[in-house]
Amino acid sequence: MTCSNCSIILPIKDQGLLKIRHSRVSLTPALEGFGMLSEQMKQEHWCEGNIVFRYDSRSQLEQLVNGLARLPQECLSRMQVVVTGLQHVEGFEEWLLFGQLQARLQHPDLVSIINNQNFTSHMQPIVDYKLNIIGFEFLLRPSQPDKSFQPFRLFEVAREAGLHAHLDRSARISAIEKSATCLPAGIKRFINFLPSTIYNPAYCLNHTFETIERLSMNTEDFVFEVVETEEIDDLNFLHQIFEQYRTRGVSVALDDVGAGYSTTELMNCLQPDYVKIDRSIIDGCHHNNDQKRQITGIVESAFRFGGQVLAEGVEQMEDFEFCRDAGVSLAQGYLFGKPEPGPPSNFMLSSVI
């Protein structure tokens, strides 16, 4: 399990206690109805308003959880649980929603990858209109061949298990640390972040700034990209996150503009330093009038608030040439380089020159 105020995930013990916190009136009859709570157990395992089950193996814990999953949804939706070892320190427990515990038990391999940080960052080049590399986007990838994962799926499971804040922070710090070993000062480092994992910008982003400071890096070299798979309901809060970054000298970008929840309206509201046009609009744009109009409209809107526009997913020179002529100043895609463990072999030399 994890403590939300620390940077480790406490593993589920093979022997321990499963505690349930709920209204005794609504939960106890339901447990009795499924044969999970006898009169003796009520006497032995009712502790300070919690129901406590002991388990002696991982399989027994899974059986307990599977049994609880049969309870009415109205019980499960309000149920909080925690798994501890037989010997544990009170106060160092993280109460989870029942579904979060289920996800951690159902996906032990992915939870282990998150816990042990078995991931690294690959780097994809970003070029300007003259095809000079001005920066790299850092993309999460497995660090060990036998512990593979799809990045989207890893974050999906992390969200279900209540671990996405931990993963987002760890991935962000890992990317910063890798950039320190691979890139000279003055090269932009585009790094993703999930705004839904940040509940207090002043506090939650401290790890980011402390890492940059510890490695004696320039905040001006960093661009943090908003990547969100859910609709952003509180724009004022996202503005606060942007301001927290900007006051420390970090630029911000809005990813995948034109697709999903990253609408042009959101772009105009947030006014990011960088606007990244989604690959679905870029691919084949040189012969598609609708895509051309979308790109031109985004460029015109970004120009009004001073945002630089970046074309994502560029695979054809004709698409790049149209984007360049339309005022798109930066580009990224397989045409210029795939995500790799490090920068091109001649990059450091050309950067110095």
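In this text the structure is predicted, and so the values were computed from the model without any measurement.

**Q** Residues and numbers for the packing of aromatic side chains, please.
**A** Within the structure shown, the criterion is met by six aromatic pairs. Ring centres 6.0 Å apart and planes at 75° place the aromatic pair Phe209 and Tyr245 in the edge-to-face group. Highlighted residues: Phe209 in helix H10 (residues 206–214) and Tyr245 in helix H11 (residues 235–247), separated in sequence by 36 residues. Residue Phe209 is classed as buried on the basis of its relative accessible area, which comes to 4%. Its relative accessible area of 0% is what places Tyr245 among the buried residues. A centroid spacing of 5.3 Å and a plane angle of 75° characterise the contact between Phe320 and Phe336, whose relative ring orientation is edge-to-face. Pair noted here: Phe320 is in helix H15 (residues 317–326) and Phe336 is in the loop between strand E13 (330–332) and helix H16 (347–352), with a separation of 16 residues, a long-range link. We note that Phe320, like Phe336, is buried. Across the ring face of Trp95, the terminal group of Arg21 is positioned such that the distance to the ring centre comes to 4.1 Å. The residue whose ring lies beneath Arg189 is Phe222, and the NZ or CZ to ring-centre distance is 5.7 Å.

**Q** How would you summarise the packing of helix H3 (residues 58–68) against helix H5 (residues 98–106) if you had to cite specific residues and measurements?
**A** Viewed as axis vectors pointing N to C, H3 and H5 meet at an angle of 140°, and their least axial separation amounts to 11 Å. Our classification of the angle between H3 and H5 gives oblique. The crossing of H3 and H5 is left-handed. Residues Arg58, Leu61, Glu62, Val65 and Leu68 of H3 pack against Phe98, Leu101, Gln102, Arg104 and Leu105 of H5. A breakdown of the residues in the contact of H3 with H5 according to their chemical character gives six nonpolar, one polar and three charged.

**Q** Tell me about the environment of Phe237, and name the residues and values.
**A** Residue position: Phe237 is located in helix H11. Along the chain, Phe237 and Tyr199 lie 38 residues apart, while their C-alpha atoms are 9.0 Å from each other. Sequence-distant contacts of Phe237, defined by excluding residues within four places in its chain, comprise Pro195, Ile198, Tyr199, Asn200 and Pro201.

**Q** Could you give an account of the sheet that holds strand E10 (residues 251–257), with specific residues and numbers?
**A** Taken in spatial order, the eight strands line up as E6-E7-E8-E9-E10-E11-E12-E13 and close into a barrel, and their pairing is mixed. Taking each pair of neighbouring strands and ignoring which way they run, the sheet shows an average axis angle of 30°. Pairing between strand E8 (residues 188–193) and strand E9 (residues 222–226): five bridges, direction parallel. Across the sheet, the residue bridging to Ile191 is Phe224, located in E9. Sheet contacts for helix H8 (residues 164–182): strand E6 (119–128), strand E7 (133–142), E8 and E9; angle to E6, the most-contacted strand, approximately 60°.

**Q** Can you tell me about the pattern of salt bridges, naming the residues and giving the values?
**A** Under the defined criterion, the tally for this structure stands at twelve salt bridges. Its salt-bridge partner being Arg189, residue Asp221 comes within 4.0 Å of it at the nearest N-O pair. Linking Asp221 in the loop between H10 and E9 with Arg189 in strand E8, this pair joins segments that are 32 residues apart in sequence. The class of Asp221 is buried, set by a relative accessible area of 7%. Given a relative accessible area of 2%, Arg189 falls into the buried group. Close ionic contact of Glu225 with Lys276 constitutes a salt bridge, the shortest N to O distance being 2.8 Å. With a gap of 51 residues between them, Glu225 in strand E9 and Lys276 in strand E11 (residues 274–277) connect regions that are remote in the sequence. Like Lys276, Glu225 is buried. Each of Glu137, Glu225, Lys276 and Glu312 takes part in a single network of salt bridges with overlapping partners.

Criteria and cut-off values
Residues numbered from 1 in each chain as written. Predicted model: local features only at pLDDT ≥ 70, side-chain atom pairs only at ≥ 80, totals over all residues. Heavy atoms only, no water. Phe/Tyr/Trp six-rings, centres within 6.5 Å; stacked < 30°, edge-to-face > 60°. Helix = DSSP H or I, 4+ residues; strand = E, 2+ residues; numbered from the N terminus. Buried < 20%, exposed > 50% of the residue type's maximum accessible area, 1.4 Å probe, protein only. Lys NZ or Arg CZ within 6 Å of the ring centre and 35° of its normal. Axes fitted to C-alpha atoms, helices over the stretch in contact; angles between N-to-C directions. Parallel < 35°, antiparallel > 145°, perpendicular 65-115°, else oblique. Left-handed = near helix turned anticlockwise from the far one by under 90°. Contact = heavy atoms within 4.5 Å. Nonpolar A, V, L, I, M, F, W, Y, C, P; charged D, E, K, R; others polar. Pairing = 2+ DSSP bridges. Salt bridge = Lys/Arg side-chain N within 4 Å of Asp/Glu carboxyl O.

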